[in-house]
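# Tertiary structure, described
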Amino acid sequence: MNRKTYHFDYDLYSDISELPGSDARLLESARVVTADAYAPYSHFHVGAAAMLTNGELVKGTNQENAAYPVGICAERVLLSAAASFFPDVPIHTIAISYHNLKGKSTIPVSPCGICRQSLLEYETRMQQPIRIILAGLEGEVLVVHTAADLLPLGFTATDMA
Ligand code: THU
């Protein structure tokens with residue numbers, strides 16, 4: 001038996017003011033778009049903004065449903081929009097934020113497992129790593145260098161080869 005260790009490097013900033021300008025602008029877009037979320041059940045309004053490699057900006061918000069499992073996370077709304085409006089254009093960076101109407105919005109958001117799988121599929125499909133900026137409306141900002149880092153031992157097409 002060989003015990004293996006998984007680790008990954010990410011960047012932690014104390015707040016948005018420390019970020020490079022382009023990342024700060026993208027995070028600000030994600031924060032602003034939380035206002036467009038449809039989250040009458042959880043009151044947890046998530047916004048995502050993507051900068052594509054062609055310079056286009058694509059946004060998404062969570063869209064809930066009275067039949068709870070039908071709801072869709074902001075990240076997957078964004079990925080569907082990007083794939084629909086700009087097929088074949090890789091995503092350079094995605095910023096994700098949230099407005100929690102029932103509490104604080106200070107801890108960096110943590111994408112759910114389905115979204116991590118979807119992000120991994122998108123970067124595999126486009127053959128380009130997606131940088132991911134995670135934050136709340138204020139406070140610390142976490143920058144991950146590739147979606148693959150968020151899903152250790154993730155399942156991709158090569159696993160079926
Ligand atoms: N949600 C997202 O849209 N993205 C995340 O990264 C975390 C969770 C949504 C799903 C649901 O509408 C609400 O937030 C509470 O889970």
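Our subject is the structure that appears above.
Our subject in this report is the structure included herewith. On a predicted model such as this, the values are computed, not experimentally measured, just so you know.

The helix and strand tally for the chain stands at three helices and six strands. For 161 residues, the compact-globule estimate of 2.2 N^0.38 gives 15 Å, and the chain sits close to it at 16 Å. With respect to the three principal axes, the spread of C-alpha positions in the chain is 45 × 40 × 35 Å. Taken over 161 residues, the chain has a buried fraction of 42%. Pairs at least 24 apart in sequence give 65% of the contacts found in the chain among residues at least 6 apart. Total accessible area on the chain stands at roughly 8,900 Å², and carbon and sulfur atoms take up 55% of it.

Taken together, S42, F44, V46, N62, E64, C73, A74, E75, V109, S110 and P111 form the complete shell of residues around the ligand. In the environment of the ligand, an oxygen atom lies 2.9 Å from a nitrogen or oxygen atom belonging to the backbone of A74. Between the ligand and E75, the relevant distance is 2.5 Å, taken from an oxygen atom to a side-chain nitrogen or oxygen of the residue. In the complex, the protein chains occlude 76% of the 370 Å² of accessible area that the ligand would expose alone.

Right, let's talk about the pairing of strand 4 (residues 91-100) for a bit. Within strand 4, eight of the 10 residues are buried, leaving the element largely enclosed by the surrounding structure. When strand 4 meets strand 5 (residues 131-134), the two strands line up parallel, connected through four bridges. Its bridge partner being in strand 5, A95 is matched across the sheet by I133. After leaving strand 4, the chain enters helix 3 (residues 113-126) and then returns to the sheet as strand 5, a path that is right-handed.

This part covers the pattern of salt bridges. Here the structure, examined in full by the defined rule, presents one salt bridge. In this structure, the salt-bridge partner of D23 is R131, at a minimum N-O distance of 2.8 Å. Here R131 lies in strand 5 and D23 lies in helix 1 (residues 21-33), a separation of 108 residues in the sequence.

This part takes up the packing of helix 2 (residues 74-85) against helix 3. Between helix 2 and helix 3, the shortest axis-to-axis distance is 9 Å and the interhelical angle comes to 25 degrees. Viewed along their axes, helix 2 and helix 3 adopt a mutual orientation that is roughly parallel. Judged by the sense of rotation from one axis to the other, the crossing of helix 2 with helix 3 is left-handed. Every residue of helix 3 that contacts helix 2 at E75, R76, L79, A82 and A83 is listed here: I114, C115, S118, L119, Y122 and R125. Class assignment of the residues belonging to the contact of helix 2 with helix 3 gives a composition of seven nonpolar, one polar and three charged.

Reading the values: the criteria
Residues numbered from 1 in each chain as written. Predicted model: local features only at pLDDT ≥ 70, side-chain atom pairs only at ≥ 80, totals over all residues. Heavy atoms only, no water. Helix = DSSP H or I, 4+ residues; strand = E, 2+ residues; numbered from the N terminus. Rg over C-alpha atoms; globule rule 2.2 N^0.38 Å. Buried < 20%, exposed > 50% of the residue type's maximum accessible area, 1.4 Å probe, protein only. Contact = heavy atoms within 4.5 Å. Areas by Shrake-Rupley, 256 points an atom, 1.4 Å probe, with all protein chains shown as cover. Near = heavy atom within 4 Å. Polar contact = N/O pair within 3.5 Å; in protein donor to acceptor, adjacent residues only side chain to side chain. Pairing = 2+ DSSP bridges. Right-handed = clockwise from strand over helix to strand, strands pointing away. Salt bridge = Lys/Arg side-chain N within 4 Å of Asp/Glu carboxyl O. Axes fitted to C-alpha atoms, helices over the stretch in contact; angles between N-to-C directions. Parallel < 35°, antiparallel > 145°, perpendicular 65-115°, else oblique. Left-handed = near helix turned anticlockwise from the far one by under 90°. Nonpolar A, V, L, I, M, F, W, Y, C, P; charged D, E, K, R; others polar.

Geometric values such as these leave the question of function open.
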